[in-house]
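# Residue-level structural notes
Residue-level listing of the chains:
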Amino acid sequence: MIEILNLVKRFGPTITAVDGISFHVGKGEVLGFLGPNGAGKSTTMKMITGFLAPTAGTVRVLGCDIREDPIGTKEKIGYLPEGAPAYPDMTPREFLQFIADVRRIPHGSQTELIALAVRRTELASVMEQPIDTLSKGFKRRVGLAQAILHDPPVLIMDEPTDGLDPNQKHAVRNLIRRMAPEKAIIISTHILEEVDAICDRAIIIDHGKIVADGTPDALMARSHHHNAVQITLDSEIAKIAEEAFLAMPHVADVARHDLPDRTASLTRFTLYPKDGQRLVDEIGAFTRARGWSTHELYAELGRLDEVFRSVTTGDTQ
Amino acid sequence: MNRMLAVFRREFMGYFSTPLAYIFIVIFLFLTGVTTFYVGGFFEAGQAHLQVFFLFHPWLYLFLIPAIAMRLWADERKSGTIELLLTLPVPLWAAVLGKYLAAWAFTGVALLLTFPVWLTVNYLGDPDNGVILAGYIGSLLMAGAYLAIGACISATTRNQVIAFVVTVVVCFLFTVSGLPIVLDFFSAWTPQTVLATIASFSFLTHFDAITDGVIDLRDVVFFASLIAVWLFANGIVIEMKKAG
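Just so it is clear, the structure is predicted and the values come from calculations on it, not from any experiment.

Counting its secondary structure elements, chain B contains 15 helices and 0 strands. If one aligns the C-alpha atoms of chain B with their principal axes, the spans along those axes are about 55 × 50 × 30 Å. When the 244 residues of chain B are sorted by exposure, 51% land in the buried category. In chain B, the proportion of contacts linking residues at least 24 apart, taken out of those at least 6 apart, comes to 77%. Here chain B has roughly 11000 Å² of accessible surface; of this, 75% comes from carbon and sulfur atoms. Treating the 11 positive side-chain charges of chain B as one cloud and the 13 negative ones as another, the clouds have centres 20 Å apart.

For the rest of this paragraph, the subject is empty space enclosed by the protein. Residue and element names in this part refer to chain A. As enumerated under the stated definition, the model contains 2 cavities of 30 Å³ or more in all. Of the volumes computed, that of the largest cavity is approximately 50 Å³. Lining the largest cavity, in full, are Leu 113, Leu 116, Ala 117, Arg 120, Ile 148, Leu 149 and Asp 151. Residue contributions to the lining of the largest cavity peak at 4 residues, all from helix α4 (residues 107-121).

All names here are of chain B. Taken N-terminus to C-terminus, the directions of helix α1 (residues 2-16) and helix α6 (residues 71-79) make an angle of 90 degrees; their axes are 13 Å apart at the nearest point. The angle between α1 and α6 places the two elements in the roughly perpendicular class. Two secondary-structure elements touch here, α1 through Arg 10, Glu 11 and Tyr 15 and α6 through Arg 71, Leu 72 and Glu 76.

Tallying the contact residues gives 27 residues for chain B and 28 residues for chain A. Across the chain B/chain A interface, buried area totals approximately 2500 Å², and carbon plus sulfur atoms make up 63% of it. Summed over the shared surface of chain B and chain A, the number is 3 salt bridges. Put simply, Glu 75 of chain A and Arg 3 of chain B hold a salt bridge, and the shortest N to O gap is 2.7 Å. Counting across the chain B and chain A interface gives 9 residue pairs in polar contact (both at pLDDT 80 or more). Of all elements in the fold, only α1, α6, α7 (81-87) and α15 (217-243) of chain B reach the threshold of two or more residues within the side of chain B that touches chain A. Partitioned by chemical class, the residues of the side of chain B that touches chain A number 11 nonpolar, 9 polar and 7 charged.

Turning our eyes to something else, we now look at the environment of Arg 158 of chain B. Structurally, the position occupied by Arg 158 of chain B is in the loop between α10 (129-154) and α11 (160-176). Non-local contacts of Arg 158 of chain B, meaning those with residues more than four positions away in its chain, are made with Ala 74, Arg 77 and Lys 78 of chain B.

Counting 150 residues, the largest nonpolar core has Phe 23, Phe 95, Phe 98 and Ile 186 of chain A together with Trp 73, Ile 149 and Phe 203 of chain B as its most contacted members. Contact partners of Phe 98 of chain A, with chain neighbours within four places excluded, come to Tyr 87 and Met 90 of chain A together with Ala 6, Val 7, Arg 10, Leu 85 and Leu 88 of chain B. Ranked by size, the runner-up nonpolar core spans 18 residues in total, among them Leu 233, Val 254, Val 280 and Ile 283 of chain A.

Next up on the list: the pairing of strand β11 (residues 229-234) of chain A. All names here are of chain A. Across the 6 residues of β11, 5 count as buried, placing the element largely inside the fold. When β11 meets strand β13 (residues 266-273), the two strands line up antiparallel, connected through 6 bridges. Residue pairing in the sheet places Ile 231 in a bridge with Phe 269 of β13. Direction of pairing for β11 relative to strand β14 (residues 294-299): antiparallel, over a ladder of 5 bridges. In the strand pairing of β14, Thr 232 is matched with Glu 296.

What counts, and where the lines are drawn
Residues numbered from 1 in each chain as written. Chains lettered and ligands numbered in written order. Predicted model: local features only at pLDDT ≥ 70, side-chain atom pairs only at ≥ 80, totals over all residues. Heavy atoms only, no water. Helix = DSSP H or I, 4+ residues; strand = E, 2+ residues; numbered from the N terminus. Buried < 20%, exposed > 50% of the residue type's maximum accessible area, 1.4 Å probe, protein only. Contact = heavy atoms within 4.5 Å. Areas by Shrake-Rupley, 256 points an atom, 1.4 Å probe, with all protein chains shown as cover. Lys, Arg positive; Asp, Glu negative; His and termini not counted. Charge placed at Lys NZ, Arg CZ, Asp CG, Glu CD. 1 Å grid on protein atoms, 1.4 Å probe; cavity = no way out; pocket = protein on both sides within 12 Å on 5 of 7 lines; lining within 4 Å. Points joined across faces, edges and corners; volume = space filled by probe spheres on them. Axes fitted to C-alpha atoms, helices over the stretch in contact; angles between N-to-C directions. Parallel < 35°, antiparallel > 145°, perpendicular 65-115°, else oblique. Buried area = accessible area lost by both parts, 1.4 Å probe. Salt bridge = Lys/Arg side-chain N within 4 Å of Asp/Glu carboxyl O. Polar contact = N/O pair within 3.5 Å; in protein donor to acceptor, adjacent residues only side chain to side chain. Nonpolar A, V, L, I, M, F, W, Y, C, P; charged D, E, K, R; others polar. Core = buried A, V, L, I, M, F, W, Y, C linked by side-chain atoms within 4.5 Å. Pairing = 2+ DSSP bridges.

Everything listed is a geometric property; what it means functionally is a separate question.
Spelled out as C-alpha cells, the structure:
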C-alpha cells in the first residue's frame, strides 16, 4: 500500500539526509523504522506525508503519487509528526473537531468517530482541558487520536511511544497491534524492544541509506549472540567445564562471567556457536551426561541492539 | 472551501482563546481614542467629520498590525504545528487564505468596536455618513494590506520578534513612500517616472484619497492587488521552505 522508490533528500549542496531509499509496505504490515538520531528517519517520514518535497524519487500511497495528487494522498494517511504537535490553546475536543472539519468527515459521523478515537487513546478525562496544560503522555495521545481519527488505511507515526510511561507504552502498542490487520503502518522508534513487540519487519537506516531490512527474527539472526547458549554451573567445576566446552566441535568461543557476590558459588558461561548453528540441545545432553547440575540453561535468539550497533557503527561487540 | 473555513475558524477562535485578542482590542481602542481626541483635537476642531480619526490609522496599524501578523506562520513553525497543518489534506491556498482572512476579520472586529466615535459625531452634529463609511472601508483595506505583508514575512522565520521588526520596517516603507523622506533619497538620481511609481506605492496617498469620501476603483485595486501579491508570495515562501 506504501511504495517508496529511490527517495532522495538533499538540504543545500552538501547535506544528503536521505540517499536513495526504496521499500514497500503492504496491508497488515507494521514496519519499524530504526536508525541513530540524524539517520534520516524523520526526513523520510516527512517526505512520505508531503511535508517535505523529495529531491528525487517517488512516494505512492495506494497508487496515489504524493507530488501529483497531494490532497488525495494526504487523505489516505494518518500522521503523527515527531513530538506530536498540536495547537496548545485548544482543548482536545476542539482540536479533534478541527481535524474532523479539515478532513471533511461528514457531520453525521463526526461525533461517533471522535468518540471512537478518544476511547482508543483513553483521552476522555482531559477532553475539556487546554492541550497546553496536559502531561507529555496525554499530549502524545492527542496526537495519536488525531492521526487515527479518520480511520486511515495508512498510518505513519514518528516515535509514537516517546515520553509515555510503561503502562501507556503498553496501551499504545496494543492499539497499534489491534489496528494492524486493516492498515499499513510505519513507526519510527529507537526503542528496540518495541520492534520486537509490534513490528513484522524492521528497516535500519544510517546516513540516509538502508543498512538492514528484514523481520525482527531475521535481524536478530545476524547477531553474534544468535543461538548462543547461556549456562550457569557450580564454580568448583568451572575450570573443567570451560575446557570441555572449548573442546566441543560446534563451540566457537566461550566467555566466562563472574556472578555477583550473592551467588559466588556459581559461574555463568556464554557459549558461541560456529556458523550460528543451534547449540542448546547438544550442550544440554553434554552436561546431563557428565552429571553436572545446571542452574540455568537457555538459548539466545540474538540481540537487536547488537545488530543495530554493528550495522550503524561497524562495532560487532 | 469548507477546508479553508475550518482553518479560518480555528485561527479566528485562536485569537480569543488567549489574552492577545482582548489586549489588542483594548490598546487599539485606547490609541484611536487618544489620537482622535487629544492629538487630533477632535472637539476643538468643531467639525462633524471623522477625518482626524482616520488620519492616525496608518501610524497605529504600522505597529499594531505586525503584532497580529507576526504569529501567523512563525508560531506554527516554532511549535511544529505547521507540519501537522501541511500534512492535512488542505490545499496550500486554503491554509494561506484561511489564516489570513481570520487575522483580517479580527482586525475588522477591532475596527468595528470604534463605533462609539461614529455615534459621538452623529450625536454632536450632522456628518456625511457616506464619507465615514468610505473611511472605514479604506481603513479595513489598508489593514488588510499591512496584514498580507506581515503574513508573508512571518512565513519566512520561526522567530516572532524578527517577523515583527522586519514587518514594521517593510510596512513603514510602504506607508511613507510618497513622502519626501523616501522621495528625496531617490529624486537626485532617478527619472521622474520611477519616482512617480515609488510614490504611487504609498499607502498614505491611497488611503487619504479614500477617506476624502471618494472610493476610486484605482485605490481599491491598489490595495487588493497588493494583498494578492503578498499572499501569493506567502504561498511561495512556504513552498520553498518545503523544498528545503
